[in-house]
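If you want the building blocks of each chain, they are given just below.
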Protein chains: 4
Amino acid sequence: MSQERVGFVGLGNMGQAMASNLVQSGYQVTVYNRDAKKAEALVHAGATRADQPGEVARGGKIVLSMVANDEALEAVTLGENGLLESLEPGGIHLSMSTISPALAQKLTKLHAQHQSTYLASPVFGRPEAAAARQLWLAVAGEKAAKERVHAILNTLGQGIFDFGEEPYKANIVKISGNFLIASAMESLGEVFALVEKNDISRRAVIDMFSQTLFASPIYKNYGTKIAERDFNEIGFLLKLGLKDVDLVLDQAKQSQVPMPFASQLHNRFVGEIANGNGERDWMEMTRGIDRDAGLTK
Amino acid sequence: MSQERVGFVGLGNMGQAMASNLVQSGYQVTVYNRDAKKAEALVHAGATRADQPGEVARGGKIVLSMVANDEALEAVTLGENGLLESLEPGGIHLSMSTISPALAQKLTKLHAQHQSTYLASPVFGRPEAAAARQLWLAVAGEKAAKERVHAILNTLGQGIFDFGEEPYKANIVKISGNFLIASAMESLGEVFALVEKNDISRRAVIDMFSQTLFASPIYKNYGTKIAERDFNEIGFLLKLGLKDVDLVLDQAKQSQVPMPFASQLHNRFVGEIANGNGERDWMEMTRGIDRDAGLTK
Amino acid sequence: MSQERVGFVGLGNMGQAMASNLVQSGYQVTVYNRDAKKAEALVHAGATRADQPGEVARGGKIVLSMVANDEALEAVTLGENGLLESLEPGGIHLSMSTISPALAQKLTKLHAQHQSTYLASPVFGRPEAAAARQLWLAVAGEKAAKERVHAILNTLGQGIFDFGEEPYKANIVKISGNFLIASAMESLGEVFALVEKNDISRRAVIDMFSQTLFASPIYKNYGTKIAERDFNEIGFLLKLGLKDVDLVLDQAKQSQVPMPFASQLHNRFVGEIANGNGERDWMEMTRGIDRDAGLTK
Amino acid sequence: MSQERVGFVGLGNMGQAMASNLVQSGYQVTVYNRDAKKAEALVHAGATRADQPGEVARGGKIVLSMVANDEALEAVTLGENGLLESLEPGGIHLSMSTISPALAQKLTKLHAQHQSTYLASPVFGRPEAAAARQLWLAVAGEKAAKERVHAILNTLGQGIFDFGEEPYKANIVKISGNFLIASAMESLGEVFALVEKNDISRRAVIDMFSQTLFASPIYKNYGTKIAERDFNEIGFLLKLGLKDVDLVLDQAKQSQVPMPFASQLHNRFVGEIANGNGERDWMEMTRGIDRDAGLTK
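How each quantity is defined
- Residue indices follow the written sequence of each chain, beginning from 1 at its first position.
- Following the order in which they are written, the chains are lettered starting with A and the ligands numbered starting with 1.
- In keeping with the predicted nature of the model, local features appear solely for residues at pLDDT of at least 70, side-chain atom pairs appear and are counted solely at 80 or more, and the whole-chain, interface and lining totals rest on all residues.
- Side-chain measures were taken over the full set of non-hydrogen atoms in the model, leaving aside hydrogen atoms and water.
- Helix and strand assignments come from DSSP, with helices taken as H or I runs of at least 4 residues and strands as E runs of at least 2, each series counted from the N terminus.
- Note that the radius of gyration is over C-alpha atoms, with the globule rule given as 2.2 Å times the number of residues to the power 0.38.
- Throughout, a contact is declared for two residues whenever any of their heavy atoms are within 4.5 Å.
- Counted as positive: Lys and Arg. Counted as negative: Asp and Glu. His and the chain ends are not counted at all.
- Every charge is mapped to an atom, namely NZ of Lys, CZ of Arg, CG of Asp or CD of Glu.
- By salt bridge we mean one thing: a side-chain nitrogen of Lys or Arg within 4 Å of a carboxyl oxygen of Asp or Glu.
- Counted as a polar contact is a pair of N or O atoms within 3.5 Å, where, for protein atoms, one must be capable of donating a hydrogen and the other of accepting one, and residues adjacent in sequence contribute only when both atoms are in side chains.
- Note on residue classes: Ala, Val, Leu, Ile, Met, Phe, Trp, Tyr, Cys and Pro are nonpolar, Asp, Glu, Lys and Arg are charged, and everything else, Gly too, is polar.
- Residue ranges for the domains trace back to a domain assignment, done automatically or taken from a database.
- When two parts are put together, the accessible area they lose, computed with a 1.4 Å probe and summed over both, is reported as buried area.
- Ring geometry is summarised as follows: Phe, Tyr and Trp rings, the Trp one being its six-membered ring, pair when their centres sit within 6.5 Å, and such pairs are stacked at plane angles under 30 degrees, edge-to-face over 60 and tilted between the two.
- When the copies are superposed, the least-squares fit takes in the C-alpha atoms of residues with a pLDDT of at least 70 in both.
- Note on exposure labels: buried denotes an accessible area under 20% of the residue type's maximum, exposed denotes more than 50%, and partly exposed covers the range between, all computed with a 1.4 Å probe on protein chains only.
- UniProt positions are given in the numbering used here, feature names are shortened, and annotations may be inferred rather than shown by experiment.
- Two strands make a pair as long as DSSP finds a minimum of two bridges between them.
- By convention, orient the strands away from the viewer: a clockwise path from the first strand over the helix to the second makes the crossover right-handed.
- On a scale of 0 to 100, pLDDT captures the predictor's confidence in every residue.
- To obtain each axis, a line is fitted to C-alpha atoms, and for helices this fit is confined to the stretch in contact; angles are then taken between N-to-C directions over 0 to 180 degrees.
- By definition in this entry, angles of less than 35 degrees are roughly parallel, angles greater than 145 are roughly antiparallel, angles of 65 to 115 are roughly perpendicular, and the rest are oblique.

Let's talk about the overall build of chain A
Counting its regular elements, chain A contains 14 helices and nine strands. The C-alpha atoms of chain A give 20 Å as radius of gyration, which agrees with the globular expectation for 297 residues (19 Å, within 12%). For chain A, the spread of C-alpha atoms along the three principal axes comes to 65 × 45 × 35 Å. A separation of at least 24 residues holds for 66% of the contacts in chain A among residues at least 6 apart in sequence. A gap of 1 Å separates the mean positions of the 30 positive and 34 negative side-chain charges of chain A.

Notes on the interface of chain A and chain B
Contact with chain A, which involves 59 residues of that partner, is made by 59 residues of chain B. The tally of links from chain A across to chain B stands at zero salt bridges. Across the contact surface, chain A and chain B share 15 residue pairs in polar contact (both at pLDDT 80 or more). Of all the secondary structure elements, the ones that give two or more residues to the side of chain A that touches chain B are strand 8 (135-139), helix 9 (167-197), helix 10 (202-211), helix 11 (217-227), helix 12 (238-254) and helix 13 (260-274) of chain A. Tallying contributions element by element places helix 9 of chain A first for the side of chain A that touches chain B, with 20 residues. Here the side of chain A that touches chain B is composed, by residue class, of 39 nonpolar, twelve polar and eight charged.

Concerning the domain arrangement of chain A
Residue and element names in this part refer to chain A. The domains assigned to chain A are domain 1 (5-165) and domain 2 (172-292). In this structure, domain 1 and domain 2 have C-alpha centres spaced 29 Å apart. Taken residue by residue, the interface counts 14 residues in domain 1 and 17 residues in domain 2. Where domain 1 abuts domain 2, roughly 1200 Å² becomes buried across the two surfaces, and 63% of that area is made up of carbon and sulfur atoms. Counting across the domain 1 and domain 2 interface gives one salt bridge. Its salt-bridge partner being arginine 126, residue aspartate 281 comes within 3.1 Å of it at the nearest N-O pair. On inspection of domain 1 and its partner domain 2, the count reaches four residue pairs in polar contact (both at pLDDT 80 or more).

Digging into the packing of aromatic side chains
As enumerated under the stated definition, the model contains 36 aromatic pairs over all chains in all. Pairing tyrosine 222 of chain C with tryptophan 282 of chain C gives two aromatic rings, centres 6.2 Å apart and planes at 75°, and the pair type is edge-to-face. Within this pair, whereas tyrosine 222 of chain C is found in helix 11 (residues 217-227), its partner tryptophan 282 of chain C is found in the loop between helix 13 (260-274) and helix 14 (286-292), the two being separated by 60 residues in sequence. In textbook terms, an aromatic cluster arises when at least three aromatic residues are bridged by ring pairs, as seen for Phe124, Phe209, Phe214 and Tyr219 of chain A together with Phe124, Phe209, Phe214 and Tyr219 of chain B.

Structural notes on the relation of the copies chain A and chain B
Each copy superposes on the other: chain A lies on chain B with an RMSD of 0.0 Å after a rotation of 180° and an axial shift of 0.0 Å. These values place the two chain copies in the arrangement generated by a two-fold rotation axis. Closest approach to the rotation axis among the C-alpha atoms of chain A is made by serine 216 of chain A, whose C-alpha sits 2.6 Å away. Most of the interface of chain A is mirrored in chain B: 100% of its interface residues are interface residues there too.

Focus: the relation of the copies chain C and chain B
Rotating chain C by 180° about the axis while translating it 0.0 Å along that axis superimposes it on chain B, leaving an RMSD of 0.0 Å. Most of the interface of chain C is mirrored in chain B, where 100% of its interface residues again form contacts.

Notes on the interface of chain C and chain B
Tallying the contact residues gives 15 residues for chain C and 15 residues for chain B. Summed over both sides, the interface of chain C with chain B buries roughly 1200 Å², with 61% coming from carbon and sulfur. Linking chain C with chain B are two salt bridges, by the criterion used here. Where aspartate 246 of chain C meets lysine 253 of chain B, a salt bridge forms, and the shortest distance between an N and an O atom there is 2.5 Å. One can count six residue pairs in polar contact (both at pLDDT 80 or more) joining chain C with chain B. Only helix 12 (238-254) and helix 13 of chain C provide two or more residues apiece to the side of chain C that touches chain B. For the side of chain C that touches chain B, the class distribution of residues is eight nonpolar, five polar and two charged.

Notes on helix 10 (residues 202-211) of chain D
By the burial criterion, the buried members of helix 10 of chain D are Arg202, Val205, Ile206, Met208, Phe209 and Ser210 of chain D. Its side-chain oxygen at 3.2 Å from the backbone nitrogen of arginine 203 of chain D, serine 201 of chain D defines the N-terminal cap of helix 10 of chain D.

A closer look at the UniProt feature "domain: 6-phosphogluconate dehydrogenase NADP-binding" (unreviewed entry) in chain A
With numbering matched to this structure, UniProt assigns "domain: 6-phosphogluconate dehydrogenase NADP-binding" (unreviewed entry) to residues 5-161 of chain A. Note that residues 5-161 of chain A is 39% helix and 23% strand, and that its end C-alpha atoms are spaced 25 Å apart.

Comments concerning the pattern of salt bridges
For the structure shown, the criterion picks out 79 salt bridges over all chains. What emerges from the salt-bridge pattern is a single network uniting Glu196, Arg202, Arg229 and Asp290 of chain A.

Overview of the environment of valine 23 of chain D
Residues and elements named next belong to chain D. Assignment of secondary structure puts valine 23 in helix 1 (residues 13-24). Judged by relative accessible area, which is 14%, valine 23 ranks as buried. Remark: the alpha-carbon pair of valine 23 and valine 43, spanning 20 residues in sequence, is separated by 9.6 Å. Valine 23 has contacts with Val29, Leu42, Ala45, Gly46 and Ala47, leaving out every residue within four places of it along the chain.

Focus: the UniProt feature "active site" (unreviewed entry) in chain A
All names here are of chain A. In this numbering, the UniProt entry assigns the feature "active site" (unreviewed entry) to Lys174. Here lysine 174 lies in helix 9. In this structure lysine 174 touches Thr98, Pro122, Val123 and Phe124, once residues within four positions along its chain are discounted.

Description of the pairing of strand 1 (residues 5-9) of chain D
All names here are of chain D. Most of strand 1 is tucked away: four of the five residues are buried. Examined bridge by bridge, strand 1 and strand 2 (residues 28-32) share five bridges and lie parallel to one another. Bridge assignment links arginine 5 to a residue of strand 2, and that residue is glutamine 28. Following the backbone out of strand 1, through helix 1 and into the adjacent parallel strand 2, one traces a crossover that is right-handed. Across four bridges, the pairing between strand 1 and strand 4 (residues 62-65) is parallel. Bridge assignment links valine 9 to a residue of strand 4, and that residue is serine 65.

Section: the sheet that holds strand 8 (residues 135-139) of chain C
In any sheet, the strands associate via hydrogen bonds between backbone groups, in a parallel or an antiparallel arrangement. All names here are of chain C. Read across the sheet, three strands follow the order 7-8-9 without closing on themselves; strand pairing throughout is mixed. Looking at strand neighbours, the two that pair on one side only are strand 7 (123-124) and strand 9 (157-162), the edges of this open sheet. Across five bridges, the pairing between strand 8 and strand 9 is parallel. Within strand 9, the position partnered with leucine 135 by the bridge is glycine 157.

Some points on the confidence of the model for chain A
For chain A, per-residue confidence averages 96 on the pLDDT scale, and residues scoring 70 or more make up 99% of the total. Among the prediction metrics, the complex's ipTM stands at 0.96, with pTM recorded as 0.96.

Remarks on the sheet that holds strand 8 of chain A
What the three strands build is an open sheet, ordered 7-8-9 (chain A); its pairing is mixed. Of all the strands in the sheet, the pair left with one neighbour each is strand 7 (123-124) and strand 9 (157-162) of chain A. Strands strand 7, strand 8 and strand 9 of chain A of the sheet are contacted by helix 10 (residues 202-211) of chain B, whose axis makes an angle of about 170° with strand 8 of chain A.

Here we look at the packing of helix 9 (residues 167-197) of chain B against helix 13 (residues 260-274) of chain B
Residues and elements named next belong to chain B. Taken N-terminus to C-terminus, the directions of helix 9 and helix 13 make an angle of 75°; their axes are 10 Å apart at the nearest point. One way to sum up the angle between helix 9 and helix 13 is to call them roughly perpendicular. In this structure, helix 9 uses Phe179, Ala182, Ser183, Met185, Glu186 and Glu190 to contact helix 13, whose residues at the interface are Phe261, Ala262, Gln264, Leu265, Arg268 and Phe269. When grouped by side-chain class, the residues that make up the contact of helix 9 with helix 13 number seven nonpolar, two polar and three charged.

Description of the pairing of strand 6 (residues 117-120) of chain D
Residues and elements named next belong to chain D. Both faces of strand 6 are covered, namely the face carrying Thr117 and Leu119 and the face carrying Tyr118 and Ala120. Alignment of strand 5 (residues 92-95) against strand 6, held across four bridges, turns out to be parallel. Looking at strand 6, one finds that serine 95 is bridged to alanine 120. One crossover worth recording links strand 5 to the parallel strand 6 by way of helix 5 (residues 101-113), and it is right-handed.

Below, the structure is given as structure tokens:
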């Protein structure tokens, strides 16, 4: 059981579950969150609370961050008492948030200038997967640094996939994965509208496909919920879905790749936000398909 | 081991494998194919060859058909010495081809007028799955008739999914499945172009997703082949992919359901046919994504 | 002033206006319409009423047809006492309806087999333009026949454009024109939603563009009505708009041309029909843009 | 004939023509351009050359700017010796570039804080229209300031359209106009591919439409050039076309308006840039339509 000191910044639903797992595995974890209340349970479990992002680096050399978006990561990293200036030479910033590849590139350079190392390891999985240590991790960055965080990553997830030496590449993989999920939602939503209009059970259709051709977590979990319009539990905000699709489109533009499915998803999400669903679960993007088909109920 | 007499019409790659499995399981199979040569191996294995589609119904009450499209099914069913006029009262036409829901509805009525029963049981799986009795079957039609063919379906596939009393509904499920596959191909193709332009391994990306979020046959098999542009084996013609997407769009129009992903797929397939790939495997629809991204090699 | 005998089949809003102009210009017009009541005003003005489509050909050699769609033209042309069997050798069927290029090709052949000539001359313009002899005409077919109908076309419209010897080409031009109009409607609708959301007057925007870059009848007339959501007058049914867009898509598929704008329009029209607007004016396709933007009022 | 002193920043093809017209109309014009060579002809004609953007404001109260994009306008306005700090209280910055509505909002506020006034008056027209004083101008901003620049605007263009008190609204109208032009190009390009595949003259088709339904400068000029693939003269760079479509998409996202035609145009332009045409005229976006249809020549 590790007794290594690590820092952890960002205690949203995902971050709390991840930091808690580190504590339970014996890590000496110092946590920071803008809203300090969210640190209470962790402190109770044995973590130490810091008042500034930079403090979490004290006495240790590895800091994890798990925040909502580019702005939040820039704030905790580049602000006063931020991670960048606080990390000692040789320190590692293990950045697990879903952010833009461009910001990953910028932070990689800045950390190198401070003799620390920026690693990217964005995660796939909802908060319950995080709690169950069943995240999937895409990692990229310097080889030696990746070896140093390997035990930590193993503590947090069930599988690690390595995409080389440049951190931003893991971020491209992460947003590509979210694009694939959103594409699956749109295609399932279109099928469900079609079969519903023909008096075929949406549930029977997903039961078949999720046991056969598409026997995978996404088609099974998302597919069943969308089939039954079971949207009460909010796992991932629709407006963050748009953020990620637009990160894909931005990267695709820079890379000169037309992505018509991504564009269609952009319009779908924008339409749902316009119709008041931005704060709902992103599966409700399929509401727009229903509305276009006159199925609004 | 069954010794029931059944007829079988249509000995393409799929039909041959399926008829062969019936013979091996002890059925007395009479086969018909427009091109009689394709019956030779089956006759050698114990099947009887018929010279007319209608002959396959002789002495038995169940006839299976597995042909390429609507036109072929109409020819063997409605033509002179066709299945419709040859099936005795009480007979069953078990139609397994991928055809339009509209033709299924028409044939359902005509069989009822002849006191026979039309059942739909389109299949999912490539020829190697047919040979290995690993097809997935969507079945719909009269309850009693479905019970009578149950053993046959179990002989042919690994799973049966029932979509009720109206045969055409199974056809809608079938074409919906092909649409889902094509959507997965497009979304993967877009991701592969994006990652390739960023010097990330296409293979590494599909390896991750097909072991995690999308751990399913389609993402694994199709995804890996598309990642590696391994298109030499032709499992399903691109021009037939367009046929199926257009069956979806036709049904969606009648059902008043806009399906933007299906429309995008229509344009993708049309573009590939215009660029000379209609007789290639339908995975080569992703060539158009590469071409748009300037990745043509 | 001509006193030539001509037949005229199809007395909808367009046909009545056109036949009336022929009568006023001195032609001896025999008219047929399925619903005979619509012939009353014309008979009063001097036309003769026929009880069968074929009768309109009696004593004359030129018959015009102006009906709603392929089915209607097939009925009056190929049915018993239809135009095809009634036209004498040397007769001309001047077909002005908006129909599929495929039907035009079929009728061209059939007329040739009967030693008569099929000419296509579909028209652009709403009923008020027909009444004012301000239609625009696209004509195609045999040269000699085109010369024989030239005076008639001049009586009906303000401009004639010749697209060669094969009638169906004029039909392709006609449906292309309707596609261009629908594209202009969609693009204007998107702009109007954008400016309205930014508190810019939709009317001021169309006033600028329709006096400058896009100073043309379509942008001015359609644009102003769409800007003001002035949809009470029904000039062309939305469901017929879908019919024409789909004729374009059918021809494009045969011709192996992906047309993404046409596909988007298809989905827009299907969505509006699903939302109950199929019998409204086709400008109301822009309702879908408003709905997606949360502007439904 | 005015002898008013005005400043002018930005001497690209458009700016040179506009500044020259001001000189010819008697204005005392001080010009600045990053590359001073481009000022030579104007100095020869009577203008004064400045070495810094801010210098052009000296002794006068009205400064026009006509630069390539947001970055260029920020540089000349907000940099050291920039327009913002040099304009005296009461001065007017008449900004005629095609920029983002967001930058217009930012500059409006900053000028107000400096007691000067920011007016937007983006223009429609290619360089030859600028030379011929035939630009169309969309203007927005403070009423009094608009009156003070009215004579200048009349000197530069043939028509002025007022969109109220908030400058950024004129920028939304400007980018909306470019979106309408691009939409017209795409729809014409799709039609041309369709008719070409059916052996119908592209030129004959545009001749008809540009004299009838779409008798307007854009359909006539752009349409004829696209029909004939006459792309040698580069009037507006394709990569700038993408910039403007993306300004529309950005504003649409903020305004919560899905714009599927704009998304399709985005993909078209990105695809053409990927295929090496970013520095060609933006009409060459239609190359992608040809390529998809197998018409590449």
